[in-house]
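# Survey of secondary and tertiary structure
Listed below are the residues making up each chain.
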Amino acid sequence: MEKFNVEVKKGKSLLGYKLQIVDFENVIITVGRFENWQKIIEDKKEWILHHLAKMPVKKNLLNQKKINILGEEYGLNISEGKNDSLIFFDDKKEIFIRVKTMTDNYIKKMIDKRIRPKALKIIRDKTKELSNKFNIKIGDVKIKNQKTRFGSCATNGNLNFNWQIIMFPMDKFEHVILHELTHILEHNHSHRFWGKLAEMDKKSYLNNQWLKKEATKLFIV
Ligand SMILES: [Zn+2]
């Protein structure tokens with residue numbers, strides 16, 4: 001992507017600047033009064049493009065007809081109504097969404113809020129299954145707001161996950177959970193950590209590579 005939006009803010013000082021990557025297409029630059037912001041943007045273009053490329057691409061849900069959940073395709077049916085609602089038909093593989101306001105932002109906010117209980121159940125069940133299988137004692141499993149991370153693990157064994165990992169294919173989804181489970185045993189990314197993870201996930205390396213490249217493209221909010 002070559003194009004991005006720049007929001008210019010005037011800083012308090014005369015010189016210096018700060019660049020902020022907001023999302024995959026928005027940048028904020030805060031500049032001193034004596035600085036030429038256009039020139040800074042031009043000089044820093046490579047750096048900006050590099051970081052923009054790492055941000056999740058936000059999809060326009062109004063144009064999206066399907067959504068993937070653990071490798072299964074669900075039809076996405078969005079309509080306007082008096083109340084907000086989100087209903088899953090697991091057997092028919094359809095999701096019906098009704099919103100009071102038909103804008104992309106509103107739909108995303110609504111999905112973000114309403115899909116969490118469903119995602120939490122899926123994530124909790126899988127975490128329980130895998131922790132039993134590998135005999136790892138876990139604490140609480142929760143959903144947290146983390147836009148770029150997939151999960152985190154506290155020293156007491158509590159695990160937090162980004163709900164959007166349910167949109168990964170099953171083996172990648174399991175890899176994310178196994179990664180956090182491994183952190184209960186090893187609180188770092190040492191060789192021992194990767195070794196233990198690879199014992200539990202035979203395709204650990206490939207799954208990790210896939211996640212680095214593809215994962216955030218699947219995120220919708
Ligand atoms: Zn980690």
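Keep in mind it's a predicted model, so treat the numbers as computed, not measured. (Residues numbered from 1 in each chain as written. Predicted model: local features only at pLDDT ≥ 70, side-chain atom pairs only at ≥ 80, totals over all residues.)

### Here we look at the overall build of the protein chain
Along its length, the protein chain carries 7 helices and 10 strands. By the burial criterion, 20% of the 221 residues in the protein chain qualify as buried. Sequence separation of at least 24 residues holds for 42% of the intrachain contacts in the protein chain that already meet a minimum separation of 6. (Helix = DSSP H or I, 4+ residues; strand = E, 2+ residues; numbered from the N terminus. Buried ≥ 20, exposed ≤ 12 C-beta atoms within 10 Å, placed from the backbone. Contact = placed C-beta atoms within 7 Å.)

### Considerations on the domain arrangement of the protein chain
Each assigned domain of the protein chain is listed with its residue range as follows: domain 1 (5–52), domain 2 (61–113) and domain 3 (117–218). The gap between the C-alpha centroids of domain 1 and domain 2 is 36 Å. (Domains from an automatic or database assignment.)

### Examining the pairing of strand 1 (residues 5–10)
Counting buried positions over the 6 residues of strand 1 gives 0, only a small fraction of the element. Sheet topology places strand 1 next to strand 3 (residues 26–31); 6 bridges connect them, and they run parallel. Paired with valine 8 across the strands is isoleucine 29, a residue of strand 3. (Pairing = 2+ DSSP bridges.)

### Some thoughts on the sheet that holds strand 9 (residues 151–153)
Strands sit in the order 8-10-9 across an open sheet of 3 strands; the sheet is mixed. Looking along the sheet, the strands with just one partner apiece sit at the ends: strand 8 (141–143) and strand 9. Neighbour-to-neighbour, the strand axes of the sheet open up by a mean angle of 20°, direction not taken into account. Relative to strand 10 (residues 159–161), strand 8 is paired through 3 bridges, and the arrangement is parallel. Bridged to lysine 142 within strand 10 is asparagine 160. On top of the sheet, helix 4 (residues 116–133) reaches strand 8 and strand 10; it is set at about 150° to strand 8, its chief contact. (Axes fitted to C-alpha atoms, helices over the stretch in contact; angles between N-to-C directions.)

### Topic: the packing of helix 5 (residues 170–185) against helix 6 (residues 191–200)
Closest axis-to-axis distance for the helix 5/helix 6 pair is 9 Å, and the angle between their directions is 130°. Here helix 6 runs oblique to helix 5, going by the angle between their axes. The hand of the helix 5/helix 6 crossing is right-handed. In contact with Leu178, His179, Thr182 and Leu185 of helix 5, helix 6 contributes Phe193, Lys196, Leu197 and Met200. Of the residues that constitute the contact of helix 5 with helix 6, the class distribution is 5 nonpolar, 2 polar and 1 charged. (Parallel < 35°, antiparallel > 145°, perpendicular 65-115°, else oblique. Left-handed = near helix turned anticlockwise from the far one by under 90°. Nonpolar A, V, L, I, M, F, W, Y, C, P; charged D, E, K, R; others polar.)

### Structural notes on the environment of isoleucine 95
Position of isoleucine 95 among the secondary structure elements: in strand 7 (residues 94–99). Through-space distance from the C-alpha of isoleucine 95 to that of glycine 75 is 6.0 Å; in sequence the pair is 20 residues apart.

### Thoughts on the sheet that holds strand 5 (residues 72–80)
Judged by pairing direction, the sheet is mixed, and its 4 strands sit side by side in the order 4-5-7-6 without closing on themselves. Of all strands in the sheet, those bounded by a partner on one side alone are strand 4 (66–69) and strand 6 (85–89). Between one strand axis and the next, the sheet turns by 25° as a mean value, whatever way the strands run. Of the pairings in the sheet, the one linking strand 6 to strand 7 comprises 5 bridges and is antiparallel in character. Following the sheet pairing, phenylalanine 89 is matched in strand 7 by glutamate 94. Contacts between helix 3 (residues 104–114) and the sheet are confined to strand 5, strand 6 and strand 7, with strand 7 contributing the most and set at about 120° to the helix.

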